Amino acid sequence: MKRILTIQDISCLGKCSLTVALPIISAMGVEATILPTAVLSTHTMFPDFTVKDLTDQLVPITEHWKSQNVKFDAIYTGYLGSAEEIEIAKKIFKEFGGDDTFIFIDPVMADNGKLYPAFDMEYAKLNAGLCGEADIIVPNLTEACFMTDTEYKEDYDKEYIEGLLVKLAKLGSKKVVLTGIAFNEGKTGVYGLDTVTGERIVYETDKVAASFHGTGDIFASVSVGAITRGLSLNDAFKIAADYTAKTIEETLGNPAEPWYGVDFESTIPELVDTLRQYV
Ligand code: PXL
């Protein structure tokens, strides 16, 4: 069985980061090894959340794995809490990376034109440096703008997005994939560039008119799981985008209206069925 190391926080309540990555990577038929960067009572969109930083645990945990000769097929980073954790993530890439291990980075820090509460411009620059170490990065439009000093535009055209891909490519990742992008009304999807072949990675699906927390983590977890299972990037991002859209739709039908995260648990059987058509 393939194995992914995922490095991000545990928000105990809130359905994002590790509480999403772990079940979804498992559903994708891949073993998930977790490296929790912090334990929060909830994600940061709740008021008055608590945080226990785990930075001092990252090196001892990974040193232990090294002593056990553990190997990973992929390393996937999401929400990291601090500059120091970004530096440690880079060291982990060096120690556990290599030709048989691809690095997948979701530079989680911002959305809708704004940085999340815990972050500033300095952190955005460091995240840009981390992205330079990746094989694949999946920023949203806001994160891409912060990392490349580009003006954020909600009304964009192809020229603007192509320009952004060129700037992202300069950060150093082999594949740069913008998420939440589409050029047609009522759609959303991915638009990316394979910097080695020059090929575009494009997929559009119907946009569900609602936005929930943790959907980026769902998208990233399905994508990295599918790529680790050997699917092409185009297939992986298609499955991930369709699953995310379906899950948002399902959540809108829930009379309890859980505003803080989506009902991805209800749609996992469909995800597994879809995957079976590919592997
Ligand atoms: O879904 C991204 C995410 C992960 N972890 C924490 C967050 C967020 C988004 O706000 O607050 C703690």
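## Regarding the overall build of the protein chain
When you go through the protein chain residue by residue, the secondary structure sums to nine helices and 11 strands. Here the protein chain has a C-alpha radius of gyration of 17 Å; the compact-globule value for 279 residues is 19 Å, and the two agree. A total of 279 residues make up the protein chain; the buried ones form 52% of that total. Partitioning the intrachain contacts of the protein chain with sequence separation of at least 6 by distance along the chain shows that 66% fall at a separation of at least 24. As displayed, the protein chain offers around 12,500 Å² of accessible surface, 50% of which is attributable to carbon and sulfur atoms. If the 24 positive side-chain charges of the protein chain are averaged to one point and the 42 negative ones to another, these points end up 5 Å apart.

## Description of the site of the ligand
Neighbouring the ligand are 14 residues, the closest being Asp9, Ser11, Thr44, His213 and Asp217. Between the ligand and Asp9, the relevant distance is 2.7 Å, taken from a nitrogen atom to a side-chain nitrogen or oxygen of the residue. Within the side chain of His213, a nitrogen or oxygen atom sits 2.8 Å from an oxygen atom of the ligand. Relative to its unbound accessible surface of 310 Å², the ligand loses 97% to contact with the protein. Here the shell around the ligand is built from residues that sort into six nonpolar, six polar and two charged.

## Quick look at the sheet that holds strand S2 (residues 31-42)
Within a sheet, each strand pairs with its neighbour through backbone hydrogen bonds, oriented either parallel or antiparallel. Taking strand neighbours across the sheet as the criterion, the nine strands line up as S3-S2-S1-S4-S5-S8-S9-S10-S11 in an open arrangement whose pairing is mixed. The strands lining the two open edges of the sheet, one partner per strand, are strand S3 (51-53) and strand S11 (200-206). Strand direction decides the pairing type here: strand S1 (residues 3-13) and S2, joined by nine bridges, are parallel. Among the inter-strand pairings, Thr6 is bridged to a residue of S2, identified as Ile34. Contacting strand S8 (136-137), strand S9 (175-179), strand S10 (187-194) and S11, helix H8 (residues 233-252) runs over the sheet at an angle of about 20° to S11.

## A look at the packing of helix H3 (residues 83-96) against helix H4 (residues 121-131)
Between H3 and H4, the shortest axis-to-axis distance is 10 Å and the interhelical angle comes to 5°. The angle between H3 and H4 falls in the class roughly parallel. For the pair H3 and H4, contact is made by Ala83, Ile86, Ala89, Lys90 and Phe93 and by Tyr123, Leu126, Asn127, Gly129 and Leu130, respectively. Taken together, the residues that form the contact of H3 with H4 break down as seven nonpolar, two polar and one charged.

## Observations concerning helix H9 (residues 264-276)
The end-to-end C-alpha separation of H9 is 18 Å, in line with the 18 Å expected for 13 residues at 1.5 Å each. Largest kink in H9: about 25°, centred on Glu270. Buried within H9 are the following residues: Phe264, Thr267, Ile268, Leu271 and Leu275.

## Re the pairing of S2
Regarding topology, helix H1 (residues 18-27) serves as the crossover connection from S1 to the parallel S2, and that connection is right-handed. Pairing geometry for S2 and S3, over three bridges, is antiparallel. Bridge assignment links Leu40 to a residue of S3, and that residue is Val51.

## Considerations on the environment of Thr150
Along the polypeptide, Thr150 turns up in the loop between helix H5 (141-148) and helix H6 (158-171). We classify Thr150 as buried; its relative accessible area is 17%. Distance from Thr150 to Phe237, taken between C-alpha atoms, is 25 Å for residues 87 residues apart in sequence. Looking at Thr150, its side chain comes within polar contact range of the side chain of Thr148, at 2.7 Å.

## Looking at the pairing of strand S4 (residues 74-77)
Because side chains alternate across S4, one face comprises the buried residues Ala74 and Tyr76, and the other comprises Ile75 and Thr77, equally buried. In this structure, S1 lies alongside S4, joined through four bridges in parallel fashion. Bridge pairing in S4 links Thr6 to Tyr76. Strand direction decides the pairing type here: S4 and strand S5 (residues 102-105), joined by four bridges, are parallel. Residue Ile75 lies in a different strand from S5, and its bridge partner there is Ile103. In the classification by handedness, the crossover that spans S4, the intervening H3 and the parallel S5 is right-handed.

Quick notes on the rules
Residues numbered from 1 in each chain as written. Predicted model: local features only at pLDDT ≥ 70, side-chain atom pairs only at ≥ 80, totals over all residues. Heavy atoms only, no water. Helix = DSSP H or I, 4+ residues; strand = E, 2+ residues; numbered from the N terminus. Rg over C-alpha atoms; globule rule 2.2 N^0.38 Å. Buried < 20%, exposed > 50% of the residue type's maximum accessible area, 1.4 Å probe, protein only. Contact = heavy atoms within 4.5 Å. Areas by Shrake-Rupley, 256 points an atom, 1.4 Å probe, with all protein chains shown as cover. Lys, Arg positive; Asp, Glu negative; His and termini not counted. Charge placed at Lys NZ, Arg CZ, Asp CG, Glu CD. Near = heavy atom within 4 Å. Polar contact = N/O pair within 3.5 Å; in protein donor to acceptor, adjacent residues only side chain to side chain. Nonpolar A, V, L, I, M, F, W, Y, C, P; charged D, E, K, R; others polar. Pairing = 2+ DSSP bridges. Axes fitted to C-alpha atoms, helices over the stretch in contact; angles between N-to-C directions. Parallel < 35°, antiparallel > 145°, perpendicular 65-115°, else oblique. Expected span 1.5 Å × (residues − 1). Bend = angle between axes of the 7 residues up to and from the residue. Right-handed = clockwise from strand over helix to strand, strands pointing away.

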